[in-house]
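What the coordinates show
The lines below spell out each chain.
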Amino acid sequence: MKVGVYQTDPVLLDVKTNLATTIEKIEAAKAEGVDLVVFPELSLTGYFVRERYHEAALRMDSPEIRKLVGTTKGTAAVVGFIEESPAMNFYNSALVAVDGEILFAYRKLNLPNYGVFEERKIFSGGKHVRVFKLKGLTIAPFICNDLWHPSLPYLGVTQKADIFITMFNSSRGSMGNEFSNIESWNIINRFYSRVFGVYNLCANRVGCEVFEDLRSDTCKPTDSGFEAVDDNPFRFWGGSEIINPFGQAIITAALFDPDAIFADISRDIVRKKRILLPYLRNDDPYFTHRELGRILYGKHVPD
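The rules we used
- Residues numbered from 1 in each chain as written.
- Predicted model: local features only at pLDDT ≥ 70, side-chain atom pairs only at ≥ 80, totals over all residues.
- Heavy atoms only, no water.
- Buried < 20%, exposed > 50% of the residue type's maximum accessible area, 1.4 Å probe, protein only.
- Helix = DSSP H or I, 4+ residues; strand = E, 2+ residues; numbered from the N terminus.
- Pairing = 2+ DSSP bridges.
- Arc of directions from axis to C-beta.
- Salt bridge = Lys/Arg side-chain N within 4 Å of Asp/Glu carboxyl O.
- Phe/Tyr/Trp six-rings, centres within 6.5 Å; stacked < 30°, edge-to-face > 60°.
- Lys NZ or Arg CZ within 6 Å of the ring centre and 35° of its normal.
- Axes fitted to C-alpha atoms, helices over the stretch in contact; angles between N-to-C directions.
- Parallel < 35°, antiparallel > 145°, perpendicular 65-115°, else oblique.
- Left-handed = near helix turned anticlockwise from the far one by under 90°.
- Contact = heavy atoms within 4.5 Å.
- Nonpolar A, V, L, I, M, F, W, Y, C, P; charged D, E, K, R; others polar.

We now examine the pairing of strand β3 (residues 76-84). Counting buried positions along β3 gives 9 out of 9 residues, so the element sits mostly inside the fold. The two faces of β3 match: Ala76, Val78, Gly80, Ile82 and Glu84 on one face and Ala77, Val79, Phe81 and Glu83 on the other face are all buried. In the sheet, strand β2 (residues 36-38) pairs with β3 via 2 bridges, with the strands oriented parallel. Residue pairing for β3: Val37 is matched across the bridge by Ala77. Once β3 ends, the chain turns through 5 residues before running back antiparallel as strand β4 (residues 90-98), passing Met88 with a positive phi of about 65°.

Written out as structure tokens, the structure reads:
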């Protein structure tokens, strides 16, 4: 299966422009025989939507979604957007479309509300870890902070996931100078692949977002390059990757610039890893379930 990750620079709150760019890239990927195309978190809207989030929201039956889904005829795509439910709740979601049909929208479960992040103020949280099948492989999508909660990837693996999709929006300085987001994501992306024996398609965005009340020249490149500005909390660093089941990068995208990366992945490599290093062979999700019942509800478990 041939997969691709597009590292984009969406225009904040401009769904029309971002949708046109996304469709153009899906069409280009189809022409190259790509079976699955992945975009970053909130790639149709930009990230710091703040109180204007509802202006960029799309329902699953909206004309924009129908147009996007139609473009996936002959391929598959996972695209970040703001989803408005029929009950008028709003979600940080990933649309999963295969061969011109909607499978589902994965809704981000763990919404950060610290540092420069304010997601819990505007979004509702998802309720499920979902998977889908493509070309004989089982795929589990996740969005950003979900990967910082190990129970969620584990729930993907208990559904026999062979591939993780990790969509995120990470800016280098969003957590201050004492904490490296680039280093942390490099560790996280490789960790899950190595421990669970899965491919990981990691899509981060690039670009810089500036609000009317946060005007600054620090988001503009300087003559000396990015060195002076790459710790800006509103500059996204990119570095998207495709990781193999041994925790090794097959290919890595550029830092700070839009890019596209592609790789051929194989179920045979997943099989090889799980034969050589069968970490999960004796994993018992029923044990996990019993222990959670004991911990959360004080249920007595017979010796």
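Turning next to helix α2 (residues 63-71). Those residues of α2 that fall on the buried side of the exposure criterion are Ile65, Leu68, Val69 and Thr71. Across the axial projection of α2, the buried residues extend over an arc of 155°, all falling on one side. Pointing more than 90 degrees away from the buried face of α2 are the exposed residues Pro63, Arg66 and Lys67.

Let us now look at the pattern of salt bridges. Should the charged atoms of two oppositely charged side chains come close, the side chains can pair. With the rule as written, the count across this model stands at 15 salt bridges. Put simply, Arg205 and Asp9 hold a salt bridge, and the shortest N to O gap is 3.3 Å. Residue Arg205 is found in the loop between β9 (199-204) and β10 (206-208), and its partner Asp9 is found in the loop between β1 (2-7) and α1 (15-31); the two are separated by 196 residues along the sequence. Since its relative accessible area comes to 1%, Arg205 is described here as buried. Its relative accessible area of 40% is what places Asp9 among the partly exposed residues. Between Glu209 and Arg205 there is a salt bridge, with the nearest N and O atoms lying 2.5 Å from each other. Across the pair, Arg205 and Glu209 agree in class, each one buried. Taken together, the shared-partner salt bridges in this structure form one network comprising Asp9, Arg205 and Glu209.

Okay, the packing of aromatic side chains next. In total, this model carries 19 aromatic pairs according to the counting rule given. Arranged with centres 6.0 Å apart and planes meeting at 90°, the rings of Tyr47 and Phe117 form a pair that is edge-to-face. On the criterion of sequence distance, the pair formed by Tyr47 in the loop between β2 and α2 and Phe117 in the loop between β5 (101-107) and α3 (119-122) is long-range, its members being 70 residues apart. Here Tyr47 and Phe117 have matching classes, each one buried. Each residue in the set Tyr47, Phe48, Tyr114, Phe117, Phe234 and Phe236 is aromatic and connected to the rest through ring pairs, giving one cluster. Above the face of the Phe262 ring, Lys2 is positioned so that its terminal group lies 5.9 Å from the ring centre. Seen from the ring of Tyr91, Arg107 lies directly overhead, with NZ or CZ sitting 3.8 Å from the centre.

Here the focus is the sheet that holds strand β12 (residues 241-243). By way of backbone hydrogen bonds, the strands of a sheet pair with one another, either parallel or antiparallel. Taken in spatial order, the 6 strands line up as β6-β7-β8-β9-β12-β13 in an open sheet, and their pairing is mixed. Here the strands that pair on one side only, and so sit at the sheet edges, are β6 (132-134) and β13 (249-252). Pairs of neighbouring strands in the sheet enclose a mean axial angle of 20°, with direction left out of account. Inspection of the sheet shows β9 paired to β12 by 3 bridges, in the antiparallel sense. The residue of β12 that forms the bridge with Leu201 is Ile242.

The interhelical angle for the contact between α1 and α2, taken along N-to-C directions, is 15°, at an axis separation of 9 Å. Between α1 and α2, the interaxial angle falls into the category roughly parallel. The hand of the α1/α2 crossing is left-handed. For the pair formed by α1 and α2, the contact residues are Leu19, Thr22, Ile23, Ile26, Glu27 and Lys30 on the first element and Glu64, Lys67, Leu68 and Thr71 on the second. Residues belonging to the contact of α1 with α2 are distributed by class as follows: 4 nonpolar, 2 polar and 4 charged.

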